[in-house]
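# Architecture at a glance
Take a look at the letters that make up each chain.
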Amino acid sequence: VQLQASGGGLVQAGGSLRLSCAASGTFSRYAMGWFRQAPGKEREFVTAISGTGGSTNYADSVKGRFTISRDNAKNTVYLQMNSLKPEDTAVYYCAAAKLYYIHTESHRTTWYDYWGQGTLVTVSS
């Protein structure tokens, strides 16, 4: 599976961005996640979605502001980010897990088998 993330950029605080992650392979079989890594910090979980899109979970820091979705016909997962804050500044990575469901362990990087290259999101104050 190859993953290609896009959509990052510079935005003012309070603004919005939508990230996309295009995937190869049998996309609907994979649960998908988004992680982010700020300079000098560890990679952290943002959100995940099951293969069908019927289940999602979010980090507390983004609940109510970010929305994950997927279009299996287009082999793409999206991350809609609203009400952005400077602390959301990071490189955002999409990831795919060989299991189609999400789990309490889906917040761990080790749950995922494939990773995209990352896209930079910068939120100015």
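Above this note sits the structure.
Residues numbered from 1 in each chain as written. Predicted model: local features only at pLDDT ≥ 70, side-chain atom pairs only at ≥ 80, totals over all residues. Heavy atoms only, no water.

## What to know about a nonpolar patch on the surface
Filter applied, for reference: Patch membership needs two things, relative accessible area over 30% and no salt bridge, and members are linked within 9 Å if like-charged or within 5 Å if nonpolar (Val, Leu, Ile, Met, Phe, Trp, Tyr). With residues, only the protein chains shown are counted as cover, and all accessible areas are computed by Shrake-Rupley using a 1.4 Å probe. Salt bridge criterion: a side-chain nitrogen from Lys or Arg within 4 Å of a carboxyl oxygen from Asp or Glu. Segments assigned H or I by DSSP are reported as helices when at least four residues long, segments assigned E as strands when at least two residues long, and all are numbered from the N terminus. The classification of residues rests on relative accessible area computed with a 1.4 Å probe and restricted to protein chains. Under 20% of the type maximum is buried, over 50% is exposed, and intermediate values are partly exposed.
Residues L99, Y100 and Y101 make up a contiguous nonpolar surface patch of roughly 300 Å² in combined accessible area. Here Y100 shows up in the loop between β9 (90-97) and β10 (114-115). For Y100, a relative accessible area of 52% puts it in the exposed group.

## Brief notes about the side chain of S50
The following threshold applies: Residues are treated as being in contact if the distance between any of their heavy atoms lies within 4.5 Å.
Here S50 is to be found in the loop between β5 (44-49) and β6 (56-58). In this structure S50 comes out as buried when scored by relative accessible area, which is 5%. With near-sequence residues (within four places) excluded, S50 lies in contact with Y30, A31, S55, R70, Y100, Y101 and I102.

## Here's the deal with the sheet that holds strand β7 (residues 66-71)
Stated formally: Here, a strand pair is defined by DSSP locating no fewer than two bridges between the strands. Only the contacting stretch of a helix is used when fitting its axis, a line to C-alpha atoms as for every element, and angles between N-to-C directions run 0 to 180 degrees.
Strands sit in the order β1-β3-β8-β7 across an open sheet of four strands; the sheet is antiparallel. Every interior strand has two partners, whereas the edge strands, β1 (3-6) and β7, have only one. Here the strands of the sheet are splayed against their neighbours by 15° on average, with no regard to which way each runs. Strand direction decides the pairing type here: β1 and strand β3 (residues 17-23), joined by four bridges, are antiparallel. Each bridged residue has a counterpart across the sheet, and for S6 the counterpart in β3 is S20.

## What to know about the packing of aromatic side chains
Think of a pair of aromatic rings as described by two things: how far the centres are apart, and how the planes are tilted against each other in angle. Where we set the bar: The rule is short: rings of Phe, Tyr and Trp, with Trp giving its six-membered ring, pair when the centres are within 6.5 Å, and they are stacked under 30 degrees, edge-to-face over 60, tilted in between. Two conditions define a charge located above a ring, namely a distance within 6 Å from the ring centre to NZ of Lys or CZ of Arg, and an angle within 35 degrees of the ring normal.
Under the definition given, this model contains seven aromatic pairs. When the ring centre of Y93 is taken as origin, the NZ or CZ atom of R43, which lies over that ring, is 3.7 Å away. The ring of W115 carries the charged tip of R43 above its face, separated from the ring centre by 5.0 Å.

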